[in-house]
Amino acid sequence: MAAVSAVSMICTLNLAAAAELSFAASSTGNNLEFFRKQFAVFEEKTGHKVNIVSMPSSSSEQFSQYRLWLAAGNKDVDVYQTDVIWAPQLADQFVDLKEAAKDVVEQFFPSIIASQTVNDRLVALPMYTDAPALYYRKDLLEKYGKQPPKTWDELAETAKEIQEKERAAGQKDMWGFVFQGNSYEGLTCNALEWVKSSGGGQIVEPDGTISINNEKAAAAIDRAKGWVGTISPPGVLAYQEEESRGVWQTGNAVFMRNWPYAYSLGNGADSAVKDEFDVTTLPVAALGDKPSSALGGWNLAVSKYSDEQQAAIELVKFLASKDVQKARAIELSNLPTLVALYDDKDVAAAQPFMPEWKPIFQDAVPRPSAIAKVKYNEVSSKFWTAVHNTLSGNGTAAENLEILEADLTTLKGDNW
């Protein structure tokens, strides 16, 4: 009888220790499917249960929803998948992971840990990093005797020529170049790359100077306006990452600007471009300029309003672990945040491009979230609006950047 009681007690204790967690995550690509597989492993290992709260693929929409939930002290979400730029804005709403992660933190790239550290608090643990590249159809470039373009003008010329010749040969839906032109955070990333790679600065400089209103920045954005309706579909003004990938993956684009996640999907069994493409650094305005990819990446944060913080921290450490990051790199082509995985033979075999991507993200240009802090979202919104207006034909880049500079100066006030 005593033995039965002891067994009952152990079962009761295990049930009491088990937590039910809710995890808010992006629905981009196969992200949710991957999480579901990993959660099954985590649940078996710990006894905890994890429910997914599916978020829109738009990072801007995610941020707006997160901010509402956190401002209300919402207890329904325990762990948040967070964009690299959100740390300064949401830091006060998240648990400090510094002590919990002290046994693993040295395995990560120091710069990525630094990006998630605010006032000496580690507010999120890096899950994967991101920097976009130029995807190109190597079969089409070989067919027409072309090399991957080094400058934006070369890209436009090559895209136009191949687009016209392919259409003449019967590929009526072929376009030269697809990117993310919708009015959202993704356009901030694209336009920052155009501007920075043209010597036009990075919107707001690290010392707080508002630099965006200059001739090189205006020329870069006007150049992009010239793509819309010529080498890029008019609908590109409504494209986010998945719309761009859709056109590309059905074989209807010569070039695409996108993040690493699109690589494994592009080589999937259902892809029309499987084994027919490669990636290279994004172009520059003139030879000698430095390629500029916007620094991206996604992290894992624990809500300070969670009633299950200890279990939530277990989940975060599990998802940021070497085994899970390795699986994510192999299955989803997401770039690891752990240094050692770039020398992992299994990762290199599955994603041969990945070791070559390391210098791209290490030299990536950050958005000005660290300097603008809680005002960053407004800075970005004003910037992408100015750019979208220009791409849509509502004023020239010079006119819109002058207005933007005035708006940002007012927003800045005495200090960021």
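Residues numbered from 1 in each chain as written. Predicted model: local features only at pLDDT ≥ 70, side-chain atom pairs only at ≥ 80, totals over all residues. Heavy atoms only, no water.

A.B. asks: Sorry, what's going on with the overall build of the protein here?
C.D. replies: A count of helical and extended segments in the protein gives 18 helices and 11 strands. Taken against the 2.2 N^0.38 rule, which gives 22 Å for 416 residues, the C-alpha radius of gyration of the protein at 23 Å falls within 12% of a compact globule. Dimensions of the protein, computed from the C-alpha atoms along their principal axes, are close to 85 × 55 × 35 Å. Looking at the 416 residues of the protein, the share that counts as buried comes to 54%. A sequence separation of at least 24 residues applies to 74% of the contacts in the protein between residues at least 6 apart. Accessible area of the protein: about 17500 Å², with a carbon and sulfur share of 51%. Taking the average location of the 38 positive side-chain charges in the protein and that of its 54 negative ones, the two points are 2 Å from each other. (Helix = DSSP H or I, 4+ residues; strand = E, 2+ residues; numbered from the N terminus. Rg over C-alpha atoms; globule rule 2.2 N^0.38 Å. Buried < 20%, exposed > 50% of the residue type's maximum accessible area, 1.4 Å probe, protein only. Contact = heavy atoms within 4.5 Å. Areas by Shrake-Rupley, 256 points an atom, 1.4 Å probe, with all protein chains shown as cover. Lys, Arg positive; Asp, Glu negative; His and termini not counted. Charge placed at Lys NZ, Arg CZ, Asp CG, Glu CD.)

A.B. asks: Explain the packing of helix H9 (residues 215–225) against helix H17 (residues 376–391) to me, please; I cannot follow it from the model alone.
C.D. replies: Where H9 contacts H17, the axes come no closer than 8 Å and their chain directions differ by 50°. For the element pair H9 / H17, the angle class is oblique. Crossing angle aside, the handedness with which H9 passes H17 is right-handed. On H17, the residues touching Ile221, Asp222, Ala224 and Lys225 of H9 are Val387, Thr390 and Leu391. Taken together, the residues that form the contact of H9 with H17 break down as four nonpolar, one polar and two charged. (Axes fitted to C-alpha atoms, helices over the stretch in contact; angles between N-to-C directions. Parallel < 35°, antiparallel > 145°, perpendicular 65-115°, else oblique. Left-handed = near helix turned anticlockwise from the far one by under 90°. Nonpolar A, V, L, I, M, F, W, Y, C, P; charged D, E, K, R; others polar.)

A.B. asks: How do you make sense of the pairing of strand S10 (residues 277–280) when you look at a structure like this?
C.D. replies: Side-chain positions along a regular strand alternate between the two faces of the sheet. The two faces of S10 differ: Phe277 and Val279 on one face are buried, but Asp278 and Thr280 on the other face are not. Looking at chain direction, strand S7 (residues 133–137) and S10 are connected through four bridges and run antiparallel. When the bridges of S10 are listed, Tyr136 appears paired with Asp278. (Pairing = 2+ DSSP bridges.)

A.B. asks: Help me understand helix H15 (residues 354–362), please; the structure alone is not making it clear to me.
C.D. replies: Residues spaced three or four apart along an α-helix face the same direction, because each turn holds 3.6 residues. Here H15 has its buried residues at Met354, Trp357, Ile360 and Phe361. Taken end-on, H15 shows its buried residues confined to a sector of 90°, consistent with a single buried face. In this fold, the buried residues of H15 make contact with helix H5 (110–115), strand S6 (125–130), S7, S10, helix H13 (322–332) and helix H14 (345–350). (Arc of directions from axis to C-beta.)

A.B. asks: Can you walk me through the side chain of Gln62 in this structure?
C.D. replies: Relative to the helices and strands, Gln62 is located in helix H3 (residues 59–71). Among the residues examined, Gln62 registers a relative accessible area of 0% and is labelled buried. Polar contacts involving the side chain of Gln62 include one to the main-chain carbonyl oxygen of Pro56, which spans 3.2 Å. Gln62 has contacts with Ser26, Met55, Pro56, Ser57, Gln81, Trp86 and Trp298, leaving out every residue within four places of it along the chain. (Polar contact = N/O pair within 3.5 Å; in protein donor to acceptor, adjacent residues only side chain to side chain.)

A.B. asks: What is the right way to look at the nonpolar core in this model?
C.D. replies: For soluble globular proteins, the rule of thumb is that nonpolar side chains tend to be buried together. Formed by 137 residues in total, the largest nonpolar core has its most connected members in Phe23, Trp194 and Ile212. When sequence neighbours within four positions are dropped, the list of residues in contact with Ile212 reads Val195, Ile203, Ala217, Phe383, Leu401, Leu404 and Leu408. (Core = buried A, V, L, I, M, F, W, Y, C linked by side-chain atoms within 4.5 Å.)

A.B. asks: Quick question: what am I supposed to make of the sheet that holds S7 here?
C.D. replies: Sheet strands line up and pair through hydrogen bonds in the backbone, either parallel or antiparallel. Ordered in space as S8-S9-S7-S10, the four strands form an open sheet in which the pairing is mixed. Every other strand in the sheet has two partners, leaving strand S8 (175–178) and S10 as the edge strands with one partner each. Geometrically, the sheet is characterised by an average inter-axis angle of 15° between neighbouring strands, direction not taken into account. In the sheet, S8 pairs with strand S9 (residues 253–258) via three bridges, with the strands oriented parallel. If you follow Phe177 over to S9, its bridge partner there is Phe255.

A.B. asks: Looking at this structure, I do not really get unusual backbone geometry. What am I missing?
C.D. replies: Most peptide bonds are trans, and most residues other than glycine sit at a negative phi. Unlike most non-glycine residues, Ile203 shows phi in positive territory, near 75°. Structurally, the position occupied by Ile203 is in the loop between helix H8 (185–196) and H9. Under the relative-accessibility criterion, Ile203 is labelled buried at 2%. Positive phi outside glycine occurs at Lys373, with the angle close to 50°. Summarising the element assignment, Lys373 is placed in the loop between helix H16 (369–372) and H17. Lys373 sits in the partly exposed class, given a relative accessible area of 42%.

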